[in-house]
Amino acid sequence: MAVSLGELAVRFGCELRGNPDTLVERIGTLANADSHCVAYLSESRNRRELAATRAAVVVLEPAAADACPTASLISKNPRATFARITTLLHPRPDRPAGIHPSAIVSPTALVDPSAHIGALAVIADRAVIGARVHVGLRCVVEEDVVVEEDVNLVASVTLCHGVKIGARTIIQPGVVIGGDGFGFAPEQGKWVKVPQVGSVRIGCDVEIGANTTIDRGAIEDTVVEEGVKLDNQIQLGHGVRVGAHTVIAGCTGISGSTVIGKHCIIGGACGIAGHLTIGDEVVITGFGMVSRSLAGPGVYSSGLPITESKIWRRQVARVRNLESLFDRVKRLEGAAGTAQDENDDGPDHT
Amino acid sequence: MAVSLGELAVRFGCELRGNPDTLVERIGTLANADSHCVAYLSESRNRRELAATRAAVVVLEPAAADACPTASLISKNPRATFARITTLLHPRPDRPAGIHPSAIVSPTALVDPSAHIGALAVIADRAVIGARVHVGLRCVVEEDVVVEEDVNLVASVTLCHGVKIGARTIIQPGVVIGGDGFGFAPEQGKWVKVPQVGSVRIGCDVEIGANTTIDRGAIEDTVVEEGVKLDNQIQLGHGVRVGAHTVIAGCTGISGSTVIGKHCIIGGACGIAGHLTIGDEVVITGFGMVSRSLAGPGVYSSGLPITESKIWRRQVARVRNLESLFDRVKRLEGAAGTAQDENDDGPDHT
Amino acid sequence: MAVSLGELAVRFGCELRGNPDTLVERIGTLANADSHCVAYLSESRNRRELAATRAAVVVLEPAAADACPTASLISKNPRATFARITTLLHPRPDRPAGIHPSAIVSPTALVDPSAHIGALAVIADRAVIGARVHVGLRCVVEEDVVVEEDVNLVASVTLCHGVKIGARTIIQPGVVIGGDGFGFAPEQGKWVKVPQVGSVRIGCDVEIGANTTIDRGAIEDTVVEEGVKLDNQIQLGHGVRVGAHTVIAGCTGISGSTVIGKHCIIGGACGIAGHLTIGDEVVITGFGMVSRSLAGPGVYSSGLPITESKIWRRQVARVRNLESLFDRVKRLEGAAGTAQDENDDGPDHT
């Protein structure tokens, strides 16, 4: 679909510098856009790409406007504005309301007539599917699940019995919501299964990435609050609670009963232990090893980044020998008469 | 279902302090239980919650009995007793025996009449499905798979050709058992596929969490022994063997041909290299980087836990400069006449 | 099927020491092979196993030939030769061409008559399935997907709309190709979805392991070049490009827009940040924390390997106290008159 720059400026509240009648049809990158494209300049990206762009218009911050060689849509938040323009220019294809003949829908399920149930989907007993919900190809919706309006289960999603999905939530393929939490009681060298009788409550406007798993609670529910965005292959253990508008990048695992605050930003490949409390507005950078509660707001990191292997091997050896290095320094201090208090290794920079 | 405290005491071998005729219907947490609930006190949890609980009865250790404000079921292993009470009060819904009309079952498959084959499940040629097995919605059981009695494939499970699943094993959605192991031979800059002709043998009473993957062996089988409990998103490479009653927490990956002993406890987000031997009764804490064999019994850890980012950045810089710090200490020792042997950095605290 | 050693020697260009008429039927390990088996000796494996083997023939390097107690096939690359022998002795079962009655195939899809579409697979509008493609049980092929000749979608694979899969590529169960990339624009504490309008292009002769996820690009495509081999549970973010013939081991995550060169070897459980460039012929060992671009060729590592927990706890405490140790050494140097430049902590061994 073609939209004029003038219309974009009005719809998204931007100042337009350029011809309001110019039409655009799609988005593009600064480097590869053509004259039918809208591009955008993120705050830090390469100004050279901006100078060379052939896009019809660039969405950018006020400070960059003068450097723009083509039309510009000036926004204080170019990325968010660009996101909305993208949604307008690249609308999701409409899926017709109705139930595909190959789908298996229980007679006791309640499916809104405006919902789309795709081929080979299964809707089990007493499940509730709300208005305009998209149940994609081959999804499984088990007993007593509630899916609120405008939810999009893209394809191949498994919603286990009793879970609740809030309005407008989008779930990518391969996600499993409501598998059993990892509950086992040790008894004489073996493990007794602790049945998981809680559920999962996903709030509204949540997004969940491919192959992410969210377990049901042992007793009380596992909860993901509104506006949370989860990337791929994230694992949330039983009883975890993720606060509103928190984002978590891929491959991060959070152990059971940990509570994450609101508006947190958690990097990829983090491991967060169980029974912790992470405050609001906490930022954890990628590969973070979180084994204690963290107060918010704050920025936390861990890990030793990569280096050439031969240097790394020496680093590892040196870290292993730190114990003796501390001893050697203590002996030197003794010899020099600058010895510290025996028990004082200096302030604990934890 | 309602059960009396007296019956619970008799069934599970506990001393009851309280009215044996009191009825309970479900479980609850200490904090949120009501008068129809059974709760339990784990060894370390908050005694304040115990004092304030409104549960009908609390399962707890002898030492805690006097502090209990309500009826108590005294057990030396409260968590295991509570697990069994939970199973009694919250039984798994019965799935009727029989094959859903939409399931695809090969005429050469052997399906016990007491098994339940759910909607859109596929049972391929010569597969064997044992007594009272539950094949949940949309499971795939490929050729020549053997599923022993009372196994529960919750939903959306993929069992690749030839794998064997032991009795009473429970497999959560999204699990893939018997995908090809990662076998490739380098040849002039490219990689030649090594066909994986082994299989996978899962023992009895195993549990496997959502989206976990267990590859078939290159030649010999990948083996998970009886009583093992695997959490979500675990990866077991080809030829791995996991010893009986070992538990592994989520997101841990074990590379090919590694052998894990019995009764081990492996934390989440660990990476275990290939061709290693981990002994019996080894404990590996979360985020462990295991690149050598480990003798059991023993407790092993690695990693630098999270700290405030600005402190972390200095830590990283200091670790990078350890090489020169060792040199500086050596020079000081030379100047002080306390020099160590040139080759001696102190005992290797590996 | 039985094949003679003479035929193997001719087919795979090996010198045979032994009776060319001896027949073999299958492969085996050195330790467990019988007289119908072919085994092989990898460069470093145990010569004791070779001495004791009962295999009919062993594939090995010239240097090991004299130590072989049975017939030998001498090859400069025993593993690759053994891979090819395995493919010959253990051919993949033929799946008959045609569409299973339970599969759902759109009338606008183009399915080559020689393709095999398995039970409960879904082929959506305008999808193209090439010659001899195997679409296994319960695969989902969304709209406008192109699957080139001889591709093998083993089972339970999800190919999202518009993705392209190159010839002879093999995709294990649970893989999701083309889920939305993780694109969100921050706006006043919430996150605005950035629609992902790019696609995914998988080259030819690629292999993708179970439950791996590859996201579509935000604007331009996510690309996996020819000959790449990906293990299980790998995550490729939107806009990632993986160069030809690179291999990546399990559970590694690569954030968006990162470019990986050709002929790289990336270990398991690595985390690679976004917007980086990894050069050609880079080796990254397992558990690597990659937060900067890496020049190739080169070998890179990070992480502190596992050690006994009580030693690890002291290591962690010592690393935390490095700041004060550097101060103490500086004071000693001041007292000894060997003080360094205030700003010089020694060469940066990054």
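Being a predicted model, the structure only gives us computed values, none of them experimental. (Residues numbered from 1 in each chain as written. Chains lettered and ligands numbered in written order. Predicted model: local features only at pLDDT ≥ 70, side-chain atom pairs only at ≥ 80, totals over all residues. Heavy atoms only, no water.)

(A) Region of the structure containing the overall build of chain A. Along chain A, the regular secondary structure elements total five helices and 40 strands. Relative to its length of 350 residues, chain A is extended, with a C-alpha radius of gyration of 26 Å against a globular reference of 20 Å. With the principal axes as the frame, chain A shows a C-alpha extent of 80 × 65 × 35 Å. Split into buried and exposed, the 350 residues of chain A put 58% on the buried side. For chain A, contacts bridging at least 24 residues in sequence account for 18% of all contacts bridging at least 6. Total accessible area on chain A stands at roughly 13,100 Å², and carbon and sulfur atoms take up 51% of it. Across chain A, the 33 positively charged side chains and the 39 negatively charged ones have centroids separated by 6 Å. (Helix = DSSP H or I, 4+ residues; strand = E, 2+ residues; numbered from the N terminus. Rg over C-alpha atoms; globule rule 2.2 N^0.38 Å. Buried < 20%, exposed > 50% of the residue type's maximum accessible area, 1.4 Å probe, protein only. Contact = heavy atoms within 4.5 Å. Areas by Shrake-Rupley, 256 points an atom, 1.4 Å probe, with all protein chains shown as cover. Lys, Arg positive; Asp, Glu negative; His and termini not counted. Charge placed at Lys NZ, Arg CZ, Asp CG, Glu CD.)

(B) Broad picture of the sheet that holds strand β16 (residues 146–147) of chain A. If you walk across this open sheet you meet the nine strands as β10-β13-β16-β19-β24-β27-β30-β33-β36 (chain A), and the pairing is parallel. Looking at the sheet topology across the chains shown, the edges are occupied by β10 (110–111) and β36 (277–278) of chain A. (Pairing = 2+ DSSP bridges.)

(C) Layout of the relation of the copies chain C and chain B. After a rotation of 120 degrees and a shift along the axis of 0.0 Å, chain C superposes on chain B with an RMSD of 0.0 Å. Given the turn and translation reported, the copies of this chain are related as if by a three-fold rotation axis. (Least-squares fit on C-alpha atoms with pLDDT ≥ 70 in both.)

(D) Molecular detail of the interface of chain C and chain A. With 79 residues of chain C at the contact, the number on the chain A side is 78 residues. Here chain C meets chain A over a buried area of about 6,500 Å², counting both sides, of which 62% is carbon and sulfur. Sorting the residues of chain C by area buried against chain A places Met289(C), Arg318(C) and Arg328(C) first, and these three jointly supply 12% of that buried surface. Across the chain C-chain A interface, the total number found is six salt bridges. In this structure, Lys193(C) engages Glu207(A) in a salt bridge whose closest nitrogen and oxygen atoms are separated by 2.9 Å. Inspection of the chain C/chain A interface yields 26 residue pairs in polar contact (both at pLDDT 80 or more). Among the secondary structure elements, those contributing two or more residues to the side of chain C that touches chain A are β21 (176–179), β22 (184–187), β23 (190–193), β26 (213–215), β38 (289–290), β39 (298–301), α4 (309–320) and α5 (322–336) of chain C. Tallying contributions element by element places α5(C) first for the side of chain C that touches chain A, with eight residues. In terms of residue class, the side of chain C that touches chain A is built from 38 nonpolar, 25 polar and 16 charged. The sheet contact formed by strand β40 (residues 307–308) of chain A and β39(C) spans two bridges and is antiparallel. Bridging across to β39(C), Glu308(A) finds its partner in Tyr300(C). (Buried area = accessible area lost by both parts, 1.4 Å probe. Salt bridge = Lys/Arg side-chain N within 4 Å of Asp/Glu carboxyl O. Polar contact = N/O pair within 3.5 Å; in protein donor to acceptor, adjacent residues only side chain to side chain. Nonpolar A, V, L, I, M, F, W, Y, C, P; charged D, E, K, R; others polar.)

(E) Just the domain arrangement of chain A, in detail. Splitting chain A by domain gives domain 1 (3–89), domain 2 (98–300) and domain 3 (317–350). Computed over C-alpha atoms only, the centres of domain 1 of chain A and domain 2 of chain A are separated by 36 Å. (Domains from an automatic or database assignment.)

(F) Quick look at the environment of Arg47(B). Residue and element names in this part refer to chain B. Topologically, Arg-47 is positioned in helix α2 (residues 47–52). Under the relative-accessibility criterion, Arg-47 is labelled partly exposed at 42%. Distance in space between the C-alpha atoms of Arg-47 and Leu-30 is 9.7 Å, their sequence separation being 17 residues. Among residues more than four places away in sequence, those in contact with Arg-47 are Leu-41, Ala-63, Ala-64 and Ala-67.

(G) View of the confidence of the model for chain A. The predicted model of chain A averages 94 in pLDDT, with 95% of residues at 70 or higher. Model confidence for the complex is summarised by a pTM of 0.96, with the ipTM given as 0.95. (pLDDT = per-residue confidence, 0-100.)

(H) The interface of chain C and chain B, seen in detail. The interface of chain C with chain B comprises 78 residues on the first partner and 79 residues on the second. Roughly 6,500 Å² is buried in total at the junction of chain C and chain B, and carbon and sulfur atoms are behind 62% of that figure. Two residues, Glu323(C) and Arg314(B), come together in a salt bridge whose shortest N-O distance is 3.3 Å. Inspection of the region where chain C meets chain B yields 26 residue pairs in polar contact (both at pLDDT 80 or more). Taken together, the elements giving at least two residues each to the side of chain C that touches chain B come down to α3 (78–89), β17 (152–155), β28 (229–230), β31 (247–248), β40 (307–308), α4 and α5 of chain C. If you tally residues by element for the side of chain C that touches chain B, the top one is α5(C), at nine residues. Of the residues in the side of chain C that touches chain B, the class split is 34 nonpolar, 28 polar and 16 charged.

(I) Summary view of helix α1 (residues 5–12) of chain B. All names here are of chain B. Those residues of α1 that sit buried are Leu-5, Gly-6, Leu-8, Ala-9 and Phe-12. An end-on view of α1 places all buried positions within 165 degrees of arc, on one side of the element. In α1, the exposed positions angled more than 90 degrees off the buried face are occupied by Val-10 and Arg-11. Positive phi shows up at Gly-13, right after α1, with a value of about 65 degrees. (Arc of directions from axis to C-beta.)

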